[in-house]
Amino acid sequence: MKVVLINGSPKPQGCTYTALSEVRKELEAAGIETELIQVGTNPIRGCMACGGCSRNDAGKCVFPDGPVNEVIEKAKGADGFVFGSPVHYAAASGQLTSLLDRAFYAGKTVFRYKPGAAIVSCRRGGATAAFEQLNKYFTISHMPVVSSQYWNMVHGNTPEEVKQDLEGMQTMRLLGKNMAWLLHSIQ
């Protein structure tokens, strides 16, 4: 079994990475292979609703730039997903939003029936709005949504501050355990 974790933060080793790493530890402890993909460091063009992906029947975006088709390809071999984002103006990062818009539109069938989880990282506010935004990709794509003991969020302005968010880090650990449990149950 394999879970793909995607970091939508422009800071590859920042707060979102810290939260994803905590989830990843629990998945690996449960014998689940993981792969972390960093997508937030470069611009990603948004979906133009050109319909090219629907006409080409290849299950990929017609625009070959950026990581969209790479993520779709990796999704084919994945059993579950964790998408992580910092909170920017009470929303997920622009890079992650653009990636998910295009990947879920062009490669919609590769995500179906595979568990998904969203995590968000913020200094103070806007987390629930960003969390809700990310969960909508799962609910419209026939994906079981993996939960934890609270909303999947951490608070802090630096990785060190995130590690001091004891409840947030516990939420990440339980999220990893819940994802592992669901994947094992499905198997």
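Refer to the preceding data block for the structure.
Not measured: the values here are computed from a predicted model. (Residues numbered from 1 in each chain as written. Predicted model: local features only at pLDDT ≥ 70, side-chain atom pairs only at ≥ 80, totals over all residues. Heavy atoms only, no water.)

Draft legend 1. Quick look at the packing of aromatic side chains. Scanning the model with the defined rule gives seven aromatic pairs in all. Considering the side-chain rings of Phe 81 and Phe 111, the 5.1 Å spacing of their centres and the 50° angle between planes classify their relative orientation as tilted. A residue pair is termed long-range when its members are at least 10 positions apart, and Phe 81 in strand β3 (residues 80-86) and Phe 111 in the loop between α4 (94-106) and β4 (116-122) qualify at 30 residues. Using a relative accessible area of 2% as the deciding quantity, one classes Phe 81 as buried. Ring centres of Tyr 150 and Trp 151 lie 4.9 Å apart, and the angle between their planes is 65°; this geometry places the pair in the edge-to-face category. Through successive ring pairs, a cluster of aromatic residues spans Phe 81, Phe 83, Phe 104, Phe 111, Tyr 137 and Phe 138. (Phe/Tyr/Trp six-rings, centres within 6.5 Å; stacked < 30°, edge-to-face > 60°. Helix = DSSP H or I, 4+ residues; strand = E, 2+ residues; numbered from the N terminus. Buried < 20%, exposed > 50% of the residue type's maximum accessible area, 1.4 Å probe, protein only.)

Draft legend 2. Representation of the sheet that holds strand β2 (residues 33-38). Spatially, the five strands line up as an open sheet ordered β2-β1-β3-β4-β5, and their pairing is parallel. Each edge of the open sheet carries a strand with a single partner, namely β2 and β5 (153-155). Within the sheet, the average angular offset between the axes of one strand and its neighbour, ignoring direction, is 15°. Along the sheet face, helix α1 (residues 15-29) touches β1 (2-7), β2, β3, β4 and β5 and points at about 175° away from the line of β1. (Pairing = 2+ DSSP bridges. Axes fitted to C-alpha atoms, helices over the stretch in contact; angles between N-to-C directions. Contact = heavy atoms within 4.5 Å.)

Draft legend 3. Just the nonpolar core, in detail. Counting 35 residues, the largest nonpolar core has Ile 6, Phe 83, Leu 99 and Phe 111 as its most contacted members. Among the secondary structure elements, those contributing two or more residues to this core are β1, α3 (68-76), β3, α4, β4 and α5 (127-139). Apart from residues no more than four positions distant in its own chain, Ile 6 is found in contact with Leu 20, Ile 37, Val 39, Val 71, Val 82, Phe 83, Gly 84, Leu 96 and Leu 99. (Core = buried A, V, L, I, M, F, W, Y, C linked by side-chain atoms within 4.5 Å.)

Draft legend 4. Broad picture of the pairing of β1. Among the six residues in β1, six count as buried, and that is most of the element. Side chains Lys 2, Val 4 and Ile 6 of β1 all project onto a buried face; the interleaved residues Val 3, Leu 5 and Asn 7 project onto the opposite face, where all are buried too. In terms of strand pairing, β1 meets β2 through six bridges, oriented parallel. When the bridges of β2 are listed, Leu 5 appears paired with Leu 36. Running through α1, the crossover from β1 to the neighbouring parallel element β2 is right-handed. (Right-handed = clockwise from strand over helix to strand, strands pointing away.)

Draft legend 5. Seen up close, unusual backbone geometry. Although it is not a glycine, Tyr 89 sits at a positive phi angle of roughly 50°. One can find Tyr 89 in the loop between β3 and α4. Tyr 89 sits in the exposed class, given a relative accessible area of 86%. Although it is not a glycine, Tyr 113 adopts a positive phi angle of roughly 65°. Its relative accessible area of 59% is what places Tyr 113 among the exposed residues.

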